[in-house]
Amino acid sequence: MTAETKILSQEQEQLAKNSLFENIMPHAELIAAGLSGILILLGWIFTHFGEEPLSIVAYILAFIIGGFAKAKEGIEETIANKELNVEMLMVFAAIGSATIGYWTEGAILIFIFAVSGALETYTMNKSHKEISSLMSLQPEEAVKLLPDGREKVVPVATLVISDMILIKPGERIPADGKIITGDTAIDEAAITGESVPVAKGIKDDVFAGTVNITGSITVEITKNTNETLFQKIITLVQSAQSEKSPSQAFIEKFEGTYVKVILSIVLIMMVLPHFLFGWSWNETFYRAMILLVVASPCALVASIMPATLSAISNGARNGILFKGGVHLENLAHISAIAFDKTGTLTQGKPVVTDVIVQKELDEKSILLTVASIENQANHPLAKAIVQYAKTMYKEDVLKPQSIQDTSGWGVKAIVDNEEWKIGKAEFVGKTAAFIFADHAYDRFSEEGKTVVFVQKEEKIIALISLKDIVRTETKSAIKTLKEQGIHTIMLTGDSTKTASAIAEESHIHEYLAECLPDKKVSYIKELKEKFGNVAMVGDGINDAPALATANVGIAMGEGTDVALETADIVLMKNDLPRIAEAIKLSRKMNRIVKQNIIFSITVIMLLICTNFLQILDLPFGVIGHEGSTILVILNSLRLLRN
């Protein structure tokens, strides 16, 4: 074997060892608990055959292997916080059991405690696995297009803003950017939780971690790799998992005091019953050890964190990002939700709904001329008209000879030496506009539509009405929220007529029109006084003050990084039904937490009472106490299911 071959073989062997170690480490606690159980069985067998020394050795090994992780955790936390904790109570109880000859019971206590610890770690790992799986989705390399047209494979970390990259079908997008050439469909499930691919074309945004499915595209990088939406989602969920809910914070604060009280009572119990009830010293110490086991708040402490982590993990998998347990917990108590209109209840983009042209004139030529003029403008209404004309007639628009924009009113242009005006009624002549087409303006205004008039050489020849269409899912989403007992309100800067029409179409309980940002904040405060807990749903930009004022701010993100910075909860896709899903998840979590707390306290009280009545033996105390902890954790794991 050559030296090079030997080195290569050693490297492969080392890689195999590292891989094996990485696979074993997440299950280390469970493996330790399993070994502890085997040693307990061996100890029992040795005892059965009269090999007492061997049985004690087996039990001591069971103590060390099964209890090492929790004892280490307990000692480190005690030193760091200068306060005793549940882990230390279990260590004391196990050692106390062994000192009075109950080796088997002490070892079983350690074994079941190790199993419950492994389950709790499994919950943590399952939750963090969502993040690990996300992080693994981001490619390490990208195909960069050089200025001379050549392709070069480079590390993703070296990409900078304005770099051009080529992404072929089936490849993951390495960084946020805009499509420069090509059309494709993108699987954005990693970002939005939505499995249906989204069609993308030139100038559309694409996000790191998503998958290019059909066509080759050239993308211009718009964000550094450490600032991508994908990276922000990872950071957001990681911080959410580390942030404690109010209930969890209270339980952890309560734990320190509780442990001190229990240790004090146990010390008293080691002496007092001997003189008070005439118990033998052995019985007194035995009952004190049982009390130390059963009064420990293991199940109570495990009632909240596994449930919170499971719920956050579930939400992240489905495109609902909670910025912490506090927001997840608060959402369950919401009585009213205020919605911004544009982009939340509606699509946020106006579309042409009606076109009326004088009978003797050609609708096609007029619309193409109007589109030619509006094509020079950047207003949403202008874009909608141009899009409508192009879709209807499949023809390119022309360029007018001259154009003059009157901000807020309309646009004036010269086409074929004729003057055209497009805009509001006041811009083309209010009186003539209001009576045009049998007072169509009044009818469309009542329906919440915006009306644009077309004037040619001082004569109104056409009318175009546009409307910000209510999302298809809005009605069902509002209906579901009503069924959950939540009052719904729409806040909008639009006119009363438009607001009334949209509110009626959306089936919203009430609305507030002509609402500027400061007025939204004032109204949210009023709603909080009236309903208690109030949520605000918006786009995370104009609605930032109201989102901050509400008890829970919910951003309809559509994958925008601005939304990630503002609200307490982010829906990665503009999907209103997800709000009801988030509330349902929050209520389910709170319900499971209550079940866990009530169950754990009931078991502790029952075990304490039966111990004082001298009914409970140590083995059953161990099983009852640690069994309740395992059941509480398993109950919390139900939240991982969709």
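Residues numbered from 1 in each chain as written. Predicted model: local features only at pLDDT ≥ 70, side-chain atom pairs only at ≥ 80, totals over all residues. Heavy atoms only, no water.

### Observations regarding the overall build of the chain
- Within the chain one finds 25 helices and 22 strands.
- When the 642 residues of the chain are sorted by exposure, 48% land in the buried category.
- Contacts spanning at least 24 positions in sequence make up 67% of the contacts within the chain whose residues lie at least 6 apart.
- For the chain, the exposed surface amounts to about 30700 Å²; the carbon and sulfur share of it is 59%. (Helix = DSSP H or I, 4+ residues; strand = E, 2+ residues; numbered from the N terminus. Buried < 20%, exposed > 50% of the residue type's maximum accessible area, 1.4 Å probe, protein only. Contact = heavy atoms within 4.5 Å. Areas by Shrake-Rupley, 256 points an atom, 1.4 Å probe, with all protein chains shown as cover.)

### Some thoughts on the packing of helix H19 (residues 474-483) against helix H24 (residues 577-612)
- In contact at an axis separation of 8 Å, H19 and H24 are set at 25° when each is read in the N-to-C sense. Classified by the interaxial angle, the pair formed by H19 and H24 is roughly parallel. Counting all contacts with H19, which are made through Ala-477, Thr-480 and Leu-481, the residues of H24 involved are Pro-577, Ile-579, Ala-580 and Ile-583.
- Of the residues contributing to the contact of H19 with H24, the split by class is six nonpolar, one polar and no charged. (Axes fitted to C-alpha atoms, helices over the stretch in contact; angles between N-to-C directions. Parallel < 35°, antiparallel > 145°, perpendicular 65-115°, else oblique. Nonpolar A, V, L, I, M, F, W, Y, C, P; charged D, E, K, R; others polar.)

### Regarding unusual backbone geometry
- Positive phi, normally seen in glycine, also occurs at Ser-162, with a value near 85°.
- By the secondary structure assignment, Ser-162 is in the loop between strand E2 (151-155) and strand E3 (164-167).
- Residue classification places Ser-162 among the partly exposed residues on the basis of a relative accessible area of 46%.
- You will see that Asp-416, though not glycine, has its phi angle at about 50°, which is positive.

### Observations regarding the layout of surface pockets
- Taken as a whole, the second largest pocket holds about 1000 Å³ of empty space.
- The wall of the second largest pocket is formed by 39 residues, among which His-379, Leu-381, Lys-424, Thr-450 and Val-452 lie closest to the centre.
- Looking at the lining of the second largest pocket, the element that brings in the most residues is strand E16 (residues 450-456), giving four residues.
- Taken together, the residues of the lining of the second largest pocket break down into 15 nonpolar, 14 polar and ten charged. (1 Å grid on protein atoms, 1.4 Å probe; cavity = no way out; pocket = protein on both sides within 12 Å on 5 of 7 lines; lining within 4 Å. Points joined across faces, edges and corners; volume = space filled by probe spheres on them.)

### Here we look at the sheet that holds strand E8 (residues 211-212)
- In spatial order, the strands read E6-E5-E8; together these three strands make up an open sheet with antiparallel pairing. Every other strand in the sheet has two partners, leaving strand E6 (198-200) and E8 as the edge strands with one partner each.
- Across three bridges, strand E5 (residues 184-187) lies against E6 in antiparallel orientation. Across the sheet, the residue bridging to Ile-186 is Val-198, located in E6. (Pairing = 2+ DSSP bridges.)

### Details of the pattern of salt bridges
- Summed over all chains, the structure comprises 13 salt bridges.
- A salt bridge links Glu-446 to Lys-497; its shortest N-O distance comes to 3.7 Å. Residue Glu-446 is found in helix H18 (residues 430-446), and its partner Lys-497 is found in helix H20 (residues 496-506); the two are separated by 51 residues along the sequence.
- Judged by relative accessible area, which is 52%, Glu-446 ranks as exposed.
- Note that Glu-505 is salt-bridged to Lys-467, the shortest N-O span being 3.0 Å. (Salt bridge = Lys/Arg side-chain N within 4 Å of Asp/Glu carboxyl O.)

### Here we look at the packing of aromatic side chains
- With the rule as written, the count across this model stands at five aromatic pairs.
- Ring centres of Phe-275 and Trp-281 lie 5.7 Å apart, and the angle between their planes is 85°; on these two criteria the pair is classed as edge-to-face.
- The exposure class assigned to Trp-281 is partly exposed, which follows from its relative accessible area of 45%.
- Between Phe-277 and Trp-279, the ring centres sit 5.6 Å apart and the planes meet at 35°, which makes this aromatic pair tilted. (Phe/Tyr/Trp six-rings, centres within 6.5 Å; stacked < 30°, edge-to-face > 60°.)

### Here we look at helix H15 (residues 363-374)
- The first and last C-alpha atoms of H15 sit 16 Å apart over twelve residues, in line with the 16 Å expected at 1.5 Å per residue.
- Counting buried positions along H15 yields nine of twelve residues, so the element is predominantly enclosed.
- Among the residues of H15, those classed as buried are Ile-366, Leu-367, Leu-368, Thr-369, Val-370, Ala-371, Ser-372, Ile-373 and Glu-374. (Expected span 1.5 Å × (residues − 1).)

### Regarding helix H3 (residues 52-81)
- End to end, H3 covers 40 Å across 30 residues, agreeing with the expected 44 Å (1.5 Å per residue, within 8%).
- Bending of H3 peaks at approximately 60° at the position of Gly-67.
- Among the residues of H3, those classed as buried are Ser-55, Ala-58, Tyr-59, Ala-62, Phe-63, Gly-66, Gly-67, Lys-70, Ala-71, Gly-74 and Thr-78. (Bend = angle between axes of the 7 residues up to and from the residue.)

### Details of the nonpolar core
- With 90 residues, the main nonpolar core has Leu-331, Ile-337, Phe-339, Leu-481, Ile-554 and Ile-579 as its most contacted residues.
- By residue number, the principal contributor to this core is H24, which donates twelve residues.
- Once residues lying within four places of it in the same chain are set aside, the contact partners of Ile-554 are Leu-331, Ala-535, Met-536, Val-537, Gly-538, Leu-547, Ala-567, Ile-569, Leu-571 and Ile-579.
- Counting 23 residues, the second-largest nonpolar core is a separate cluster that includes Val-357, Leu-381, Ile-422 and Ala-462. (Core = buried A, V, L, I, M, F, W, Y, C linked by side-chain atoms within 4.5 Å.)

### Describing the packing of helix H2 (residues 28-48) against H3
- Direction vectors running N to C along H2 and H3 enclose 165°, while the axes themselves pass 8 Å from each other. Taken as axis vectors, H2 and H3 run roughly antiparallel relative to one another. Of the two possible hands of crossing, H2 and H3 adopt the one that is left-handed. Residues Glu-29, Ala-32, Leu-35, Ser-36, Leu-39, Ile-40, Leu-42, Gly-43, Trp-44, Phe-46 and Thr-47 of H2 form the contact with H3, whose own contacting residues are Glu-52, Leu-54, Ser-55, Ala-58, Tyr-59, Leu-61, Ala-62, Ile-65, Gly-66 and Ala-69. (Left-handed = near helix turned anticlockwise from the far one by under 90°.)

### Description of the sheet that holds strand E14 (residues 410-415)
- Across the sheet, which stays open at both edges, the six strands sit in the order E12-E17-E16-E15-E14-E13 with antiparallel pairing between neighbours. In this open sheet, the two edge strands, each paired with only one partner strand, are strand E12 (346-357) and strand E13 (402-406). Strand-to-strand, the axes of this sheet are offset by a mean angle of 20°, without reference to chain direction.
- Two elements, E12 and strand E17 (residues 459-470), share eight bridges in a ladder whose sense is antiparallel. Across the sheet, the residue bridging to Val-351 is Lys-467, located in E17.
- Against the sheet, helix H16 (residues 380-393) touches E12, E16 and E17, its axis set at about 60° to E12.

So, to be careful, I would describe these as geometric facts and stop short of saying anything about function.
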